[in-house]
Amino acid sequence: STKKLWGGRFTGKTDPLMEKFNESLPFDKRLWAEDIKGSQAYAKALAKAGILTQDEANTIVTGLGTIAEEWKAGAFVIKQGDEDIHTANERRLTELVGSVGGKLHTGRSRNDQVATDYRLWLVGQVEVMRAEVAELLRVAADRSEAEVDVLMPGFTHLQNAMTVRWSHWLMCHAAAWQRDDMRLRDLLPRVNTLPLGSGALAGNPFLVDRQFIARELGMVGVCPNSMDAVSDRDFVIETIFAASLLCTHLSRWAEDLIIYSSGPFGYVQCSDAYATGSSLMPQKKNPDALELIRGKGGRVAGNLMGVMAVLKGTPTTYNKDFQECWELLFDTVDTVHDVVRIATGVLSTIRIKPDRMKSGLSADMLATDLAEYLVRKGVPFRETHHHSGAAVKMAEDRGCTLFDLSVADLKTIHPLFTEDVSAVWDFNRSAEMRDTEGGTSRRSVLEQVAKMRSYLGAE
Ligand code: ARG
């Protein structure tokens, strides 16, 4: 037989390329801590079940602790034949504590082991992601409050639409990020569920106490079916989905800022810390951080498609295909950490130019307010829409703006236009009128900020 853990029934050697094709240690070694934690809990459960003596369990738990120290110090020596993190740690354990190390894997399979390791690891990563998103939300709330008086054009179809507060735009994106955070929060208990004690697929014959193992590992429950426990990777998919949607939201936010930082707009300017120059054009300051955030959204969405495609069509329980999920998961998690932290850096340092925003406000953006003026005098909105449209047309025909039309001009359109119509020509008034919950009035935006802060305080 070969030296492999599973080598008993083998006589032939593995093809060297196959060796490389099959191994996951180069990437799954980053799970060393979770693999050891899971094994320590399992050793204790075996002792509780009477399979290990307390002394044997202690020897194993201590030996695993030594291995953890080796990994931490960068001193763990990977040997040929270490296929994955599970076999590497077990091989080292036996070197350290002798043949008793060979008792650790009793009733266990790498199938329930690997799923446990990744779930434990992912719980920690999702918690870090949530802390990063919370920081982004905090910055958004702080800026929104500090800059609540800044008005800017709001767009639909990227066409001038209505006056909004810069803070209202910012809290729009924060609202989406908050839902992303809630999605991450809500999926956590489904990730934080224990597969261990499922064996290869059929269950554990040594009657280990799975509830005990779950408690030892800080997990909230046990997977209810041993075949499902080793079979599914939905916890990977839903985490990548939530992360991917967060990146999609950040990509749209970045796209707005890329437009706002362009020459014709000039509403914002990225700080030097998050921009780059051109090798040829000396004047250039490009919003690379934002463009990369936009690009990473595509990359992460690709990872989501990748894991979906890997899982689809695999027969029930474990298949080696699943190993392909991990690098996509790692890439996603690493990318999201960077994206959120860079976005937070961009947002906390970007300079806004309120005068440029103000000069983007055009008279026609008050056409709706003009229609609403007549509504308040009792004219049905559908008619006022036409009257205001006629005023827009009149100004367009004369090559002037709505501001330049006299009350006499407006009276030719509708007799209820009187002197007080001049009050309509005020962008701040337009914003302040929209004072319902969620609107762009100062009070309403500050209320959105306050609610965001209480969410952050409660989470
Ligand atoms: N490296 C493997 C994976 O990531 C571990 C599980 C291997 N299990 C097995 N029965 N071959 O999926």
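No experiment lies behind these values; they were computed from the predicted model shown. (Residues numbered from 1 in each chain as written. Predicted model: local features only at pLDDT ≥ 70, side-chain atom pairs only at ≥ 80, totals over all residues.)

A. How the structure looks around the overall build of the protein chain. When helices and strands are tallied, the protein chain shows 18 helices and six strands. For 459 residues, the compact-globule estimate of 2.2 N^0.38 gives 23 Å, and the C-alpha radius of gyration of the protein chain, at 31 Å, exceeds that figure by more than 25%. Dimensions of the protein chain, computed from the C-alpha atoms along their principal axes, are close to 100 × 55 × 40 Å. Within the span of the protein chain, comprising 459 residues, buried residues form 38% of the whole. Long-range pairs, those at least 24 residues apart, make up 74% of the contacts in the protein chain between residues at least 6 apart in sequence. (Helix = DSSP H or I, 4+ residues; strand = E, 2+ residues; numbered from the N terminus. Rg over C-alpha atoms; globule rule 2.2 N^0.38 Å. Buried ≥ 20, exposed ≤ 12 C-beta atoms within 10 Å, placed from the backbone. Contact = placed C-beta atoms within 7 Å.)

B. Summary view of the packing of helix H3 (residues 32–48) against helix H4 (residues 54–72). The interhelical angle for the contact between H3 and H4, taken along N-to-C directions, is 175°, at an axis separation of 9 Å. Classed by the angle they form, the pair H3 and H4 counts as roughly antiparallel. Residue-level inspection shows Trp32, Ala33, Ile36, Ser39, Gln40, Ala43, Lys44, Leu46 and Ala47 of H3 in contact with H4, the latter providing Gln54, Ala57, Ile60, Val61, Leu64, Ile67, Ala68 and Trp71. Looking at side-chain class alone, the contact of H3 with H4 contains 13 nonpolar, three polar and one charged residues. (Axes fitted to C-alpha atoms, helices over the stretch in contact; angles between N-to-C directions. Parallel < 35°, antiparallel > 145°, perpendicular 65-115°, else oblique. Nonpolar A, V, L, I, M, F, W, Y, C, P; charged D, E, K, R; others polar.)

C. Structural view of the site of the ligand. Taken together, Ser24, Asp28, Asp84, Arg110, Asn111, Val114, Tyr318, Lys320, Phe322, Gln323 and Trp326 make up all the residues around the ligand. Elements supplying a minimum of two residues to the shell around the ligand: helix H6 (110–146) and helix H12 (323–349). Sorting elements by how many residues they give to the shell around the ligand places H6 first, with three residues. Along the lines of polarity and charge, the residues of the shell around the ligand split into four nonpolar, three polar and four charged. In this structure, the shell around the ligand is formed jointly by two domains, domain 1 (7–103) and domain 2 (110–359), each of which donates at least three residues. (Near = placed C-beta within 6 Å. Domains from an automatic or database assignment.)

D. Region of the structure containing the UniProt feature "domain: Argininosuccinate lyase C-terminal" (unreviewed entry) in the protein chain. The UniProt record annotates "domain: Argininosuccinate lyase C-terminal" (unreviewed entry) at residues 365–430. Note that residues 365–430 is 58% helix and 0% strand, and that its end C-alpha atoms are spaced 9 Å apart. (UniProt positions renumbered as here; feature names shortened; annotations may be inferred.)

E. Region of the structure containing the pairing of strand S1 (residues 151–156). The sheet contact formed by S1 and strand S2 (residues 159–165) spans six bridges and is antiparallel. When the sheet's bridge partners are listed, Leu151 is paired in S2 with Arg165. In sequence, S1 turns back onto S2 through a hairpin of two residues, with His157 there showing a positive phi of about 55°. (Pairing = 2+ DSSP bridges.)

F. Just the environment of Leu366, in detail. Considering the arrangement of structural elements, one finds Leu366 in the loop between helix H13 (354–359) and helix H14 (367–375). C-beta crowding within 10 Å serves as the criterion here: with 25 such atoms nearby, Leu366 is assigned to the buried category. Distance in space between the C-alpha atoms of Leu366 and Arg130 is 40 Å, their sequence separation being 236 residues. Not counting residues up to four positions away in its chain, the partners in contact with Leu366 are Leu402, Val424, Trp425 and Ser430.

G. How the structure looks around unusual backbone geometry. Positive phi, normally seen in glycine, also occurs at Leu158, with a value near 60°. Phi at Leu207 is positive, roughly 55°, even though this residue is not glycine. With respect to the helices, strands and loops of the structure, Leu207 is situated in the loop between strand S3 (193–194) and helix H8 (210–216).

H. Just the domain arrangement of the protein chain, in detail. For the protein chain, the domain assignment lists domain 1 (7–103), domain 2 (110–359) and domain 3 (363–454). The C-alpha centroid of domain 2 is placed 32 Å from the C-alpha centroid of domain 1. Across the contact, 17 residues belong to domain 1 and 21 residues belong to domain 2. Those elements giving two or more residues to the side of domain 1 that touches domain 2 turn out to be helix H2 (25–28) and H3.

I. Here's a closer look at helix H18 (residues 442–458). The end-to-end C-alpha separation of H18 is 24 Å, in line with the 24 Å expected for 17 residues at 1.5 Å each. Every buried residue belonging to H18 is among Ser444, Val445, Gln448, Val449 and Met452, and all of these are buried. Angularly, the buried residues of H18 cover 145° about the axis, an arc narrow enough to put them on a single face. The exposed set on the far side of H18, more than 90 degrees from its buried face, consists of Arg443, Ala450, Ser454, Gly457 and Ala458. (Expected span 1.5 Å × (residues − 1). Arc of directions from axis to C-beta.)

J. Looking closely at the UniProt feature "domain: Fumarate lyase N-terminal" (unreviewed entry) in the protein chain. With numbering aligned to this structure, UniProt lists the feature "domain: Fumarate lyase N-terminal" (unreviewed entry) at residues 8–302. Its end C-alpha atoms 40 Å apart, residues 8–302 is made of 60% helix and 6% strand.

K. Representation of the nonpolar core. By size, the foremost hydrophobic cluster in this structure holds 108 residues, and its most contacted members are Ile213 and Val336. Excluding its chain neighbours within four sequence positions, the residues that come into contact with Val336 are Met129, Ala243, Leu246, Cys247 and Val300. (Core = buried A, V, L, I, M, F, W, Y, C linked by C-beta atoms within 7 Å.)

L. Spatial organisation of the packing of H6 against helix H7 (residues 166–191). In the contact formed by H6 and H7, the axes pass within 9 Å of each other and the chain directions differ by 160°. Taken as axis vectors, H6 and H7 run roughly antiparallel relative to one another. The hand of the H6/H7 crossing is left-handed. Its residues assigned to classes, the contact of H6 with H7 shows 16 nonpolar, three polar and six charged. (Left-handed = near helix turned anticlockwise from the far one by under 90°.)

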